[in-house]
Amino acid sequence: MTWVERDAAVVWHGFTQMAAYAENLPVIVEAGEGRELIDVAGNRYLDAISSLWVTTLGHRVPELDDAVRGQLDRIAHSTMLGNGNRVVIELSEALAAVVPVDGPHFLYAGDGATAVEQALKIAFQYWVNRGEPRTGFVGLGGAYHGDTIGALSLGDRGFGTTIFEPLLFPVRRAATVEDAVDAVLRGGDELAAVIVEPLVQAANAMAMLDPGALADLGAACAETGVLLICDEVATGFGRTGTLFASEQCGLRPDLLVLGKGMSGGYLPLSATVAADRVFRAFLGPDLSDRTLYHGHSYGGNALACAVALRHLQLLEEWDVLANVRAREAQLRAGLDEAVAPLAAVGDVRLRGLMGGVDLLAPRPDLRWGRRVCAAAVRRGVLLRPIGDTVILMAPLTLSAEEADRIVTVLRDAILEVCRP
Ligand SMILES: *Cc1c(COP(=O)(O)O)cnc(C)c1O
């Protein structure tokens, strides 16, 4: 049996039709090096989707490998429920100095969706603890916040998740950021919180949001007391050219959600960051009902926190954000010159190293997005589409040569596949 056959026999892949899995020629990774993945046959692929948006500095980064090894010699994991761990404290102190949150307190989890759930429950209980219960939440059109039931409720469906509708709780859907501002200003005393993905809605085929409108939303929240939740699971840790996208919109959220790139793409780690004013509403007598009764078994995993701490230091030591901005300029110029003018290409968007290239497929059943990405994979660049948009999410340490390779390969793949 081949690796693909063995895989398809026992592994169930998320967001993947398993009946078609093998035909779509999946890459079976055995190792990685720098920005490249190496498959079981020894072929190399530039990881231009950062392993679904988590990898930041690359694979097998010696400094990050050492951070995991060093922590292994101390302890791999100990619980955060009622007790602490040295490296979790050190990570929290380091993050506290850089997150755009006033008086931050960190509640750790393992995935973005679980950190969104935490934010949702904290926002709800915040109002209960203040003696003015509120159940209203506002979410944006096109939003994605993860796949658990609460996170799906906050998101705007899509990806075939509409069937779960009967299980979801109602959320006020604002078509635009401007509508969300209105909803907050007119929400009255039923509105608990509004949740947004600052600057880029990655899962919405890299839709870009206007920083000025987002700043207005922050102002509306500050004016009304409605909690602002910023979901930076995708945008956090440098992807948009600043450490956090909230900075570019002048936002200081009451609750900030972090995940994906937090551990450099090494280990599952996420966090819900609460501003001091939110945190304080939960203080009270021991065992009282003001307590947040929520916690995940592996939240604050020591190995994950050790690598996250080293990762945060390296972002600074290597001036990674300068590279993000240089590669952004290079990619933009390359895409404008070689990709945007193609007849099959519509809008091309890029913010930092988060990009989307719309293909103008005459019919969806031509599966241009899927086929262009497959053609890129054959040329050694791993891409994955959302519908007919090719998603670009390169690691933050991308080299100039690699940026050129992405542009050239994408152009060649489009020219091969997209014939009217
Ligand atoms: C990926 C993502 C999530 C969910 O994170 P998981 O780790 O996949 O659960 C939530 N919000 C945004 C903006 C994301 O991109």
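Residues numbered from 1 in each chain as written. Predicted model: local features only at pLDDT ≥ 70, side-chain atom pairs only at ≥ 80, totals over all residues. Heavy atoms only, no water.

Student: Give a description of the overall build of the protein chain that names residues and reports values.
Tutor: Scanning the protein chain from N- to C-terminus turns up 14 helices and 17 strands. A globule of 420 residues ought to have a C-alpha radius of gyration of about 22 Å, and the protein chain, at 22 Å, matches this closely. For the protein chain, the C-alpha atoms occupy an extent of roughly 65 × 55 × 45 Å along the three principal directions. The buried share among the 420 residues of the protein chain stands at 54%. At a minimum sequence separation of 6, the contacts of the protein chain that also span at least 24 residues come to 70%. Carbon together with sulfur atoms contributes 55% to the accessible area of the protein chain, which is approximately 18,300 Å² in total. Charged side chains in the protein chain number 36 positive and 52 negative. The centres of these two groups are separated by 3 Å. (Helix = DSSP H or I, 4+ residues; strand = E, 2+ residues; numbered from the N terminus. Rg over C-alpha atoms; globule rule 2.2 N^0.38 Å. Buried < 20%, exposed > 50% of the residue type's maximum accessible area, 1.4 Å probe, protein only. Contact = heavy atoms within 4.5 Å. Areas by Shrake-Rupley, 256 points an atom, 1.4 Å probe, with all protein chains shown as cover. Lys, Arg positive; Asp, Glu negative; His and termini not counted. Charge placed at Lys NZ, Arg CZ, Asp CG, Glu CD.)

Student: Quick rundown of the sheet that holds strand β12 (residues 270-274)? Include the residues and the values.
Tutor: Spatial strand order, β4-β12-β11-β10-β7-β5-β6: 7 strands in an open sheet with mixed pairing. Two strands lie at the open edges of the sheet, namely β4 (105-109) and β6 (172-174), each paired on one side alone. With strand direction ignored, the average angle separating the axes of adjacent strands in the sheet is 20 degrees. Note: strand β11 (residues 255-258) against β12, 4 bridges, orientation antiparallel. The residue of β12 that forms the bridge with valine 257 is threonine 272. (Pairing = 2+ DSSP bridges. Axes fitted to C-alpha atoms, helices over the stretch in contact; angles between N-to-C directions.)

Student: Describe a negative patch on the surface, listing the residues and the values that go with them.
Tutor: Side chains of Glu178, Asp179, Asp210 and Asp216 sit close together on the surface and give a patch of like negative charge. Within the fold, glutamate 178 resides in helix α8 (residues 177-186). Among the residues examined, glutamate 178 registers a relative accessible area of 47% and is labelled partly exposed. (Patch = residues over 30% accessible without salt bridge, like charges linked within 9 Å, V, L, I, M, F, W, Y side chains within 5 Å. Salt bridge = Lys/Arg side-chain N within 4 Å of Asp/Glu carboxyl O.)

Student: How would you sum up the domain arrangement of the protein chain? Please name residues and give values.
Tutor: Taken as a whole, the protein chain is organised into domain 1 (3-57 + 319-417) and domain 2 (64-317). Between the C-alpha centres of domain 1 and domain 2 the distance comes to 27 Å. Residue-level contacts link 29 residues of domain 1 with 32 residues of domain 2. Each partner contributes to the roughly 2,400 Å² buried at the junction of domain 1 and domain 2, and carbon and sulfur atoms together form 66% of this total. Per-residue buried area on domain 1 facing domain 2 is highest for Trp53, Arg351 and Met354; these three make up 30% of the total on that side. The interface formed by domain 1 and domain 2 holds 0 salt bridges in total. For the side of domain 1 that touches domain 2, the class distribution of residues is 18 nonpolar, 7 polar and 4 charged. (Domains from an automatic or database assignment. Buried area = accessible area lost by both parts, 1.4 Å probe. Nonpolar A, V, L, I, M, F, W, Y, C, P; charged D, E, K, R; others polar.)

Student: An account of the state of the cysteines is needed here, citing residue identities and associated values.
Tutor: Following the criterion strictly, the structure yields 0 disulfides and no others. The closest cysteine sulfur to the non-disulfide-bonded cysteine 230 is located on cysteine 249, 7.5 Å from its own sulfur. Taking the relative accessible area as the measure of exposure, cysteine 230 reaches 0% and is therefore buried. Free of any disulfide, cysteine 373 has its nearest cysteine sulfur in cysteine 418, 10 Å distant. (Disulfide = S-S within 2.5 Å.)

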